[in-house]
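Residues per chain are reported as follows:
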Amino acid sequence: DLTPEVKLRTSWSTSFGRPDFSSLLPSATINEAQSMVTISNPALGPQYATNGDAAVEYYFRPAGLFSVTYFNKRIEDYILTRDIGTVGVGPDNGFDGSYAGYTRRSQANAGAAKIRGWEFDYRQQLTFLPGPLRGLTASANFTYLTTEGDFGGTTTRTTDEVAGFIPKTANGALTYKFRRFGARLLVSYTGRYLGTDAAVVPRRVFREARTVVNAGVSYE
């Protein structure tokens, strides 16, 4: 407690994440349009992480919060989906001679990843407004992160080359409550990111940035 309104929080923890059970069951999925065979990996192990966070929080009276958080995470045995070769030619290629030349893809514990970032969070009940406007509540948050991936080879991958991590996300909400009437407006932004990795750059699949808006009203 720095002051009655200002709090400093720090934390350090370890964690691990198991792969999906569907990734462990022996199976193969054929994508003829992309000439690709995706194979599960029953030997896939969990990935482990060490996490550090530091935050400064400022509390508004009578009800509100603004916080700035810095976070740092390191993941070992990172689970990565990648190309592992091509299907061979001949009746003993594992597919009774079919799919020769198709790209083989699977998951593996393939190195380490580092994530660093900032999060800004704001929430406040606007009770200082006059009359019925006192029922307004505003909130917003923004997260920015950078990533590094060391998956073998001679180069370290950076933010746009590490699958599954979204560099920029933001959310905003405005809610209103007056007697039995309520209303809510939500806006959510997700930045562009790498969704599916591949050794060959043209095979990498990126998710484009998108903004989703939801609005609703209620009466009790």
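Residues numbered from 1 in each chain as written. Predicted model: local features only at pLDDT ≥ 70, side-chain atom pairs only at ≥ 80, totals over all residues. Heavy atoms only, no water.

Engineer: Before we go on, may I ask you to explain the overall build of the chain in this structure?
Structural biologist: Broken down by element type, the chain carries one helix and 14 strands. Referenced to the eigenvectors of the C-alpha coordinate spread, the extents of the chain come out at roughly 80 × 40 × 30 Å. Within the chain, buried positions represent 30% of all 220 residues. Within the chain, contacts between residues separated by at least 24 positions form 63% of all contacts whose residues are at least 6 apart in sequence. Accessible area for the chain stands at about 13,700 Å²; split by element, carbon and sulfur atoms hold 55% of it. For the chain, the distance from the average position of its 24 positive side-chain charges to the average position of its 20 negative side-chain charges is 8 Å. (Helix = DSSP H or I, 4+ residues; strand = E, 2+ residues; numbered from the N terminus. Buried < 20%, exposed > 50% of the residue type's maximum accessible area, 1.4 Å probe, protein only. Contact = heavy atoms within 4.5 Å. Areas by Shrake-Rupley, 256 points an atom, 1.4 Å probe, with all protein chains shown as cover. Lys, Arg positive; Asp, Glu negative; His and termini not counted. Charge placed at Lys NZ, Arg CZ, Asp CG, Glu CD.)

Engineer: Explain the pairing of strand S2 (residues 28-31) to me, please; I cannot follow it from the model alone.
Structural biologist: Each regular strand shows side chains that alternate between the opposite faces of the sheet. As paired elements, S2 and strand S3 (residues 36-39) share four bridges and run antiparallel to each other. Bridged to Thr-29 within S3 is Thr-38. (Pairing = 2+ DSSP bridges.)

Engineer: Is there a simple way to think about unusual backbone geometry in this case?
Structural biologist: Most peptide bonds take the trans form, and the phi angle of most residues other than glycine is negative. At Ser-35, a position not held by glycine, the phi torsion is positive, near 50 degrees. The residue Ser-35 is located in the loop between S2 and S3 in this model. Taking the relative accessible area as the measure of exposure, Ser-35 reaches 30% and is therefore partly exposed.

Engineer: Quick question: what am I supposed to make of the sheet that holds strand S4 (residues 47-60) here?
Structural biologist: The eight strands lie next to each other as S1-S4-S5-S8-S9-S10-S11-S14, forming an open sheet whose pairing is antiparallel. Looking at which strands have only one partner, the edges of the open sheet turn out to be strand S1 (6-17) and strand S14 (210-219). Averaged over neighbouring strand pairs, the angle between their axes works out to 10 degrees when direction is ignored. Relative to S4, S1 runs antiparallel, the two sharing 12 bridges. What sits directly across from Ser-11, in S4, is Asp-53. (Axes fitted to C-alpha atoms, helices over the stretch in contact; angles between N-to-C directions.)

Engineer: How should I be thinking about the nonpolar core in this particular structure?
Structural biologist: One recurring pattern in soluble globular proteins: nonpolar side chains tend to sit buried together. The biggest cluster of nonpolar side chains holds 12 residues, and these are Ala-49, Phe-71, Ile-75, Tyr-78, Leu-80, Ala-110, Ala-113, Ile-115, Leu-145, Phe-151, Val-162 and Phe-165. Only strand S5 (64-76) and strand S8 (112-125) provide two or more residues apiece to this core. Filtering out sequence-adjacent residues up to four positions away, Tyr-78 remains in contact with Gln-47, Ala-108, Asn-109, Ala-110, Gly-111, Ala-112, Ala-113, Phe-151, Val-162, Ala-163 and Phe-165. (Core = buried A, V, L, I, M, F, W, Y, C linked by side-chain atoms within 4.5 Å.)

Engineer: Sorry if this is basic, but what is going on with the sheet that holds S2 here?
Structural biologist: To summarise the sheet geometry, strands pair through backbone hydrogen bonds and adopt either a parallel or an antiparallel arrangement. Read across the sheet, four strands follow the order S2-S3-S7-S6 without closing on themselves; strand pairing throughout is mixed. The open sheet has two free edges, formed respectively by S2 and strand S6 (79-86), since each of these has just one partner strand. Taking each pair of neighbouring strands and ignoring which way they run, the sheet shows an average axis angle of 25 degrees. Alignment of S3 against strand S7 (residues 103-109), held across four bridges, turns out to be parallel. Across the sheet, Val-37 pairs through a bridge with Arg-104, a residue of S7.

Engineer: Before we go on, may I ask you to explain the packing of aromatic side chains in this structure?
Structural biologist: The geometry of two aromatic rings is summed up by the distance between their centres and the angle between their planes. One pass over the structure, following the stated rule, counts eight aromatic pairs. Between Phe-60 and Tyr-122, the ring centres sit 6.2 Å apart and the planes meet at 80 degrees, which makes this aromatic pair edge-to-face. With Phe-60 in strand S4 and Tyr-122 in strand S8, this residue pair connects regions lying 62 residues apart in the sequence. Residue class for Tyr-122 comes out partly exposed when judged on its relative accessible area of 24%. (Phe/Tyr/Trp six-rings, centres within 6.5 Å; stacked < 30°, edge-to-face > 60°.)

Engineer: For this particular structure, what's the right way to read the environment of Val-6?
Structural biologist: Inspection of the secondary structure assignment puts Val-6 in strand S1. Distance from Val-6 to Ser-67, taken between C-alpha atoms, is 9.5 Å for residues 61 residues apart in sequence. For Val-6, the contacting residues outside a window of four places in its chain are Asp-1, Val-56, Glu-57 and Tyr-58.

Interpretation in functional terms is not warranted from these geometric data alone.
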